[in-house]
Amino acid sequence: MERQFWIDSWDEGGSKTSFHLPEVHPHARYLVDGGLLDGARVLVPLCGKSLDMPAFARRAREVVGVELVESAVAQFLADNAIDPVRTEPGVFRAGNLTVLVRDFFDLTAADLGSVDVVYDRACLVAFPEPMRERYAAHLTGLLPAGARYFLNTLEYAPVMDTPPFSVGPDAVRGYFGDAFDIEHVFDDDRPDHRMVAKFGLESLREHGFLLHRR
Ligand SMILES: C[S@@+](CC[C@H](N)C(=O)[O-])C[C@H]1O[C@@H](n2cnc3c(N)ncnc32)[C@H](O)[C@@H]1O
């Protein structure tokens, strides 16, 4: 989706930002508890005001969130009582956690520095084609060999023409199979997911993939 869609969503709040979870996502917990973040530099693209970031910061060496909409970052800082140092416009640092107010597509590998782990929840699926293809290519280009990329997706029927878009294992292999080894670590039937009742879906699966940059 284009920038204005997200700016309007954060301005309106409520159901427009219902992607925000009031707790740490179980897939984020899996990364924390599995030790994958220990000593790691972690990138959280399209971070919103996700509570996964403070959970990561307790284990990782450094966490870098990237978010387009400044008001989302302001809410994140207020909700978590974080008083950041603002070293330059759009850069908020507190301890080992940094949030950049940036368009992810403008971020270069040189800006970002080295990354060990990426956590993607509601990012790839936030974009329609062809932006999804562009996001996948841009993220791939930011990562050095050896980096891990945890990717959460939703796959549901009937498909909808609004975020989160349905993305299943075949599509993930299509976007990332050339550059990553892909392990499919979660494949959960989720009839209880809030989207099922909200949109009258027939089925919804929640996937988690752990990708390893070749
Ligand atoms: C569906 S939300 C997911 C937020 C977060 N990952 C979570 O789990 O709550 C997508 C987020 O990406 C942000 N966003 C959209 N396009 C972006 C871009 N080009 N660069 C950076 N952030 C972007 C939106 O403002 C929104 O906060």
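Computed from a predicted structure; not experimentally measured.

Calculation notes
- Residues numbered from 1 in each chain as written.
- Predicted model: local features only at pLDDT ≥ 70, side-chain atom pairs only at ≥ 80, totals over all residues.
- Heavy atoms only, no water.
- Helix = DSSP H or I, 4+ residues; strand = E, 2+ residues; numbered from the N terminus.
- Buried < 20%, exposed > 50% of the residue type's maximum accessible area, 1.4 Å probe, protein only.
- Contact = heavy atoms within 4.5 Å.
- Areas by Shrake-Rupley, 256 points an atom, 1.4 Å probe, with all protein chains shown as cover.
- Lys, Arg positive; Asp, Glu negative; His and termini not counted.
- Charge placed at Lys NZ, Arg CZ, Asp CG, Glu CD.
- Pairing = 2+ DSSP bridges.
- Right-handed = clockwise from strand over helix to strand, strands pointing away.
- Polar contact = N/O pair within 3.5 Å; in protein donor to acceptor, adjacent residues only side chain to side chain.
- Arc of directions from axis to C-beta.

1. Brief notes about the overall build of the protein chain
Summing up its helical and strand segments, the protein chain has 8 helices and 9 strands in all. C-alpha atoms of the protein chain, sized along the principal axes, occupy 50 × 40 × 30 Å. The 214 residues of the protein chain split such that 50% are buried. Long-range contacts, defined as pairs at least 24 residues apart, comprise 68% of the intrachain contacts of the protein chain with a sequence gap of at least 6. Summed over its atoms, the accessible surface of the protein chain is roughly 9900 Å², and 50% of this surface lies on carbon and sulfur atoms. When the 22 basic and 33 acidic side-chain charges of the protein chain are each reduced to a single mean position, those positions are 3 Å apart.

2. Let's talk about the pairing of strand β9 (residues 203–213)
Residues in a regular strand point their side chains to alternate faces of the sheet. Of all 11 residues that make up β9, 8 are buried, and the element is covered over most of its length. For strand β7 (residues 148–157) and β9, the ladder comprises 10 bridges, and the chain directions are antiparallel. Its bridge partner being in β9, T153 is matched across the sheet by H207.

3. Re the pairing of strand β1 (residues 41–45)
Among the 5 residues in β1, 5 count as buried, and that is most of the element. Residues R41, L43 and P45 line one face of β1 and the alternating positions V42 and V44 line the opposite face, and both faces are buried. One ladder, built from 5 bridges, connects β1 with strand β2 (residues 62–67); its direction is parallel. Counted as the bridge partner of L43 is V64 from β2. A crossover links β1 with its parallel partner β2, the connecting element being helix α3 (residues 52–57), and its sense is right-handed. Across 2 bridges, the pairing between β1 and strand β6 (residues 117–121) is parallel. Bridging across to β6, L43 finds its partner in V118.

4. Examining the side chain of N152
By the element assignment, N152 lies in strand β7. Exposure remark for N152: the relative accessible area of 3% places this residue in the buried category. A distance of 3.0 Å separates the side chain of N152 from the side chain of H27, its partner in a polar contact. Ignoring any residue separated from it by four or fewer positions in sequence, one finds N152 in contact with H25, H27, D120, R121, A122, E206 and H207.

5. Focus on helix α2 (residues 26–33)
When we look at burial in α2, the residues that qualify are H27, A28, L31 and V32. Buried residues of α2, viewed axially, fall in a sector of 145°; they line one side. Structural note: α2 exposes P26 and D33 on the side pointing more than 90 degrees away from its buried face. Tucked inside the fold, the buried residues of α2 contact α3, β6, β7, β8 (180–189) and β9. Taken from the residues just after α2, G35 is the one with a positive phi, measuring 80°.

Function cannot be inferred from these measures alone, as they are strictly geometric.
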